[in-house]
Amino acid sequence: KHDKLSIGSFHRQPILFDRPPQGYLRFYCPESMVVGTKEKIGASISLSKAFFNDADKAYLEETIEIEKQMCLTLLGSDFEIEPRSSETQVIRESRPTIWTWDVKPKSSGMKFLNVRVTLKINSHGSEGNYDITTIAKTVFIYVDKEYYIKRFFQVNWQWLINLFAGTGIFFSLMKLFGYMK
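All of the points below concern the structure found in this document. In this text the structure is predicted, and so the values were computed from the model without any measurement.

Examining the environment of Leu25
By secondary structure assignment, the location of Leu25 is in strand E3 (residues 22-28). On a C-alpha basis, the gap between Leu25 and Lys49 in space is 9.4 Å, while along the polypeptide they are 24 residues apart. Contact partners of Leu25, with chain neighbours within four places excluded, come to Ala43, Ser44, Ile45, Leu60, Glu61, Glu62, Ile64, Leu72, Val117 and Ile135.

Okay, structure coming up:
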């Protein structure tokens, strides 16, 4: 005898290799970002497109399998990524479940962000994870000259002080010993 799972009006008997119900994943990410500037990036899963606000900014959308608990992970080695929501969440019947991250690019150029979607499956008393999809998004990262100038001074301030102090001492000694008038 199997326990019944229900998501919305969809009822099914969990049987090994049974297909979960279908839902929708939307991934919100800008086309371009600026080095050193933090951006809010998000994704949401819903059982119905009717729950999404179509006025939202640009997004990628995919039809995916849905379970009661799902995990979304944002990956990108060229970014500092800080999760702003729990990685694993319960999928709600009446509204989208939302994941958000603060993302800051580390360097300029064409970079890639990936959203990994994992189903949390509980079947026949055993639990497991199943990665179902990965959405890849290409983001162009621009150089912010002001950011690089500030960063240069933050990293090299001691070297710059020594350079200017040493140059001042050098010219003072040249003047003192009469090599400069």
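Now that the structure is up, let's keep going.
Things to note about a nonpolar patch on the surface
Together, Met110, Phe140 and Tyr142 give the surface a local cluster of nonpolar side chains, amounting to about 310 Å² of exposed area. Assignment of secondary structure puts Met110 in strand E11 (residues 109-123).

Section: the sheet that holds strand E8 (residues 79-83)
Pairing is antiparallel across the open sheet formed by 5 strands, whose spatial order is E6-E3-E5-E10-E8. In this open sheet, the two strands that pair with only one neighbour each are strand E6 (59-65) and E8. The sheet shows a mean angle of 20° between the axes of neighbouring strands, direction not considered. Alignment of E3 against strand E5 (residues 39-46), held across 5 bridges, turns out to be antiparallel. Paired with Phe27 across the two strands is Ala43, which belongs to E5.

Quick look at the environment of Ile41
Structurally, Ile41 can be placed in strand E5. Ile41 gets classed as buried once you look at its relative accessible area, which sits at 1%. Spatially, the C-alpha atoms of Ile41 and Asp102 are 6.3 Å apart, while their sequence positions differ by 61 residues. Among all residues touching Ile41, those that are not within four sequence positions of it are Phe27, Tyr28, Cys29, Pro30, Met33, Leu74, Trp99, Thr100, Trp101, Val103 and Leu113.

Quick notes on the pattern of salt bridges
Taken as a whole, this structure holds 5 salt bridges when the rule is applied. Between Glu61 and Arg26 there is a salt bridge; the shortest N-O distance is 2.5 Å. Of this pair, Glu61 sits in strand E6 while Arg26 sits in strand E3; the two residues are 35 residues apart in sequence, bridging distant segments of the chain. The class of Glu61 is partly exposed, set by a relative accessible area of 29%.

Digging into the side chain of Lys111
Mapping Lys111 onto the fold places it in strand E11. No salt bridge is formed by the buried Lys111; the nearest opposite charge belongs to Asp78, separated by 4.2 Å.

With respect to the nonpolar core
One finds Ile41, Ile45 and Leu72 to be the most contacted residues of the largest nonpolar core, which totals 26 residues. Going through the elements one at a time, E3, E5, strand E7 (69-75), strand E10 (97-105), E11 and strand E12 (126-142) are the ones with two or more residues in this core. If you tally residues by element for this core, the top one is E11, at 4 residues. Residues in contact with Ile45, not counting those within four places in the same chain, are Tyr24, Leu25, Ile64, Ile66, Met70, Leu72, Ile91, Pro96, Thr97 and Trp99.

So, the pairing of E5
For E5, the tally of buried residues reaches 6 of 8 residues, placing the bulk of the element in the interior. Relative to E10, E5 runs antiparallel, the two being bridged by 7 bridges. By the bridge assignment for E10, Lys40 is matched with Asp102.

Quick word on the environment of Gly23
Summarising the element assignment, Gly23 is placed in strand E3. As for Gly23 and Ile64, which are separated by 41 residues in sequence, their C-alpha atoms are 5.4 Å apart. Residue contacts for Gly23: discarding those within four places in its chain leaves Ser46, Leu47, Glu62, Thr63, Ile64 and Ile66.

Here is what the cut-offs are and how they apply
- Residues numbered from 1 in each chain as written.
- Predicted model: local features only at pLDDT ≥ 70, side-chain atom pairs only at ≥ 80, totals over all residues.
- Heavy atoms only, no water.
- Helix = DSSP H or I, 4+ residues; strand = E, 2+ residues; numbered from the N terminus.
- Contact = heavy atoms within 4.5 Å.
- Patch = residues over 30% accessible without salt bridge, like charges linked within 9 Å, V, L, I, M, F, W, Y side chains within 5 Å.
- Areas by Shrake-Rupley, 256 points an atom, 1.4 Å probe, with all protein chains shown as cover.
- Salt bridge = Lys/Arg side-chain N within 4 Å of Asp/Glu carboxyl O.
- Pairing = 2+ DSSP bridges.
- Axes fitted to C-alpha atoms, helices over the stretch in contact; angles between N-to-C directions.
- Buried < 20%, exposed > 50% of the residue type's maximum accessible area, 1.4 Å probe, protein only.
- Lys, Arg positive; Asp, Glu negative; His and termini not counted.
- Core = buried A, V, L, I, M, F, W, Y, C linked by side-chain atoms within 4.5 Å.

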